[in-house]
Amino acid sequence: GIVQLTRGEQSLSILNIYPNPILSVLNIEFVVASNSETNISIIDIAGRRLISQNNLAHAGINNSTLNVEDLASGIYFVTIVSGDNIETKQFIKE
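Structural notes, computed from the coordinates. (Residues numbered from 1 in each chain as written. Predicted model: local features only at pLDDT ≥ 70, side-chain atom pairs only at ≥ 80, totals over all residues. Heavy atoms only, no water.)

Structural notes on the side chain of Ser82
Its location among the elements puts Ser82 in strand 6 (residues 74–82). Here Ser82 is in contact with Leu12, Val32, Ser36, Glu37 and Thr38, once residues within four sequence places are set aside. (Helix = DSSP H or I, 4+ residues; strand = E, 2+ residues; numbered from the N terminus. Contact = heavy atoms within 4.5 Å.)

Here we look at the pattern of salt bridges
Taken as a whole and assessed by the stated rule, the structure comprises 1 salt bridge. Between Asp44 and Arg48 there is a salt bridge, with the nearest N and O atoms lying 2.7 Å from each other. For Asp44, a relative accessible area of 8% corresponds to the buried category. (Salt bridge = Lys/Arg side-chain N within 4 Å of Asp/Glu carboxyl O. Buried < 20%, exposed > 50% of the residue type's maximum accessible area, 1.4 Å probe, protein only.)

Notes on the pairing of strand 3 (residues 36–44)
Within strand 3, 8 of the 9 residues are buried, which leaves it mostly tucked inside the rest of the structure. For strand 3 and strand 4 (residues 49–57), the ladder comprises 8 bridges, and the chain directions are antiparallel. Within the sheet, the bridge partner assigned to Ser41 lies in strand 4 and is Ser52. The antiparallel hairpin formed by strand 3 and strand 4 contains 4 residues in its connecting segment, where Gly47 sits at a positive phi of about 90 degrees. Sheet topology note: the strand 3/strand 6 ladder contains 6 bridges and is antiparallel. Bridge pairing in strand 6 links Asp44 to Tyr76. (Pairing = 2+ DSSP bridges.)

So, in structure tokens, the structure goes:
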């Protein structure tokens, strides 16, 4: 049979990560459609998870911070997982 996927309102979205490039503390602004457990990870370009933080996010806009001061300079990704939803944004560590 045919499976049809319809995409409704996005239930997870990263609004902003700043500053970018970053020296020490990464600020992450994201929105979820409903109260949910979220995992925020920092992943390097080789796909290794370097930092992982579990949060309880509330419906609407959420702010989280991660200390990335110990990371080497380079390109990284911040990934947020909430249920079946995954959002990823790239940032540069100076």
